[in-house]
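Reading the structure
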Amino acid sequence: MKGVCYFINVVLFSIASGASKWLTHNSTDSLSIANVTDINSKLKLQVCALIPKSRRRRWISQGDMLAILDYHNKVRSTVFPPAANMEYMVWDEGLARSAEAWAARCLWEHGPPFIMRYQGQNLSVRTGGYRSILQLVKPWYDEVNDYMFPYPHDCNPRCPMRCFGPMCTHYTQMVWATTKKVGCAVQTCYNMVVWGTMWRQATYLVCNYSPKGNWIGDPPYRVGIPCSSCPPSYGGSCSNNQCFPTITSNYMYWFK
C-alpha cells in the first residue's frame, strides 16, 4: 500500500505518571495562544514522511472508536463544577491516522517532536491484552481525584495544573472545553522500552487532540450554567450539557 499523507491540526503538553501494570503519559507546554499559526504548509511534507509506506490495516475497531469517544463525552458532560462552554467532542480520522503512525513506532514518548508544540496527545500502555479499551483510557480520567478546579484567583500561575498528585494534565486535556476532536490508535508492541524496562508484549494507546488544551494560564473551561457560553457557531444547540453542533453529517462517517 502506498503511503498517504494526512495533516493533523493543532494542540497539548506535561510529564508522566504510572503504575506497575499500566502507565500514562501526557505532554504540556507553556505556549501562549499568540504563538499558534497556520502550520499546514510547513508540516505537510514532514507528516507524509512519518507515515510508513507499507503497513497493516489500522488496529482499532469501530467499537473501540465509539467507546473512546463516548467515554470522553460522558466525562465532559459531567464535570464539576459545571461547564458553561463545553463543546461536544467528535472523532477525527486525520488525528487517528497520525496517532496510528506514531503508535506503530512503539516509542514511550510524545511525538513526532516537530508537532508536539501544537498537538494534544495522551499516551497509555499496559502489559498483555485488555478486556476493554477503556482500561487504557480510564486512568486519565482518574486524575480528577487529585485535581482542584482553578477559579480565576487561582489561575496565575496554577492554571490549569492545580494538581495534588503526580499528574493531572491527562484529565484536563480530556475536559478542555474547546478541544472538540480526538483520534486514537492502538498498537501491540512486542518489544517496547518503557522508562528503561523492556516490556515484551505491551498494548499501547495514543490519542491525539485538537484544538490544543492545557494552555498555561487558562482553566479547562468556564464555570457556569451548561451551554450558557457556547460559541455562536453552535447556534444555541445544547445536548447533555454540551454545546452541540447543528450540522451532523460530518460526524456520521464511520457508518458509511
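Residues numbered from 1 in each chain as written. Predicted model: local features only at pLDDT ≥ 70, side-chain atom pairs only at ≥ 80, totals over all residues. Heavy atoms only, no water.

Where an unreviewed UniProt entry is consulted, the protein chain appears under the name SCP domain-containing protein, with the organism given as Esox lucius. You can read under Sequence similarities (unreviewed entry) in the UniProt record for the protein chain the words "Belongs to the CRISP family." Check the Subcellular location (unreviewed entry) section of the UniProt entry for the protein chain; it says "Secreted". (UniProt positions renumbered as here; feature names shortened; annotations may be inferred.)

Notes on the side chain of N122
Mapped onto the elements, N122 comes out in strand 4 (residues 120-127). Look at N122 and you get buried, because its relative accessible area is 0%. Looking at N122, its side chain comes within polar contact range of the main-chain oxygen of H170, at 3.3 Å. A polar contact of 3.5 Å, which involves the side chain of N122, links it to the side chain of Y209. (Helix = DSSP H or I, 4+ residues; strand = E, 2+ residues; numbered from the N terminus. Buried < 20%, exposed > 50% of the residue type's maximum accessible area, 1.4 Å probe, protein only. Polar contact = N/O pair within 3.5 Å; in protein donor to acceptor, adjacent residues only side chain to side chain.)

Side note on the pairing of strand 4
Of all the eight residues making up strand 4, seven are buried; the element is thus mostly covered by neighbouring parts of the structure. Where strand 4 meets strand 8 (residues 202-210), eight bridges bridge the pair, whose relative direction is antiparallel. Note that in strand 8 the partner of V125 across the bridge is Y204. (Pairing = 2+ DSSP bridges.)

Regarding the state of the cysteines
What makes a disulfide is a covalent bond joining the sulfur atoms belonging to two cysteines. Going through the model one piece at a time under the given rule, you end up with six disulfides. Here C106 is linked by a disulfide to C189, with a sulfur-sulfur distance of 2.1 Å. As the torsion about the S-S bond is roughly -85°, the C106-C189 disulfide counts as left-handed. With C106 in the loop between helix 3 (93-103) and strand 4 and C189 in strand 5 (residues 181-189), this pair connects stretches of sequence that are 83 residues apart. Each member of the pair, C106 together with C189, is buried. (Disulfide = S-S within 2.5 Å.)

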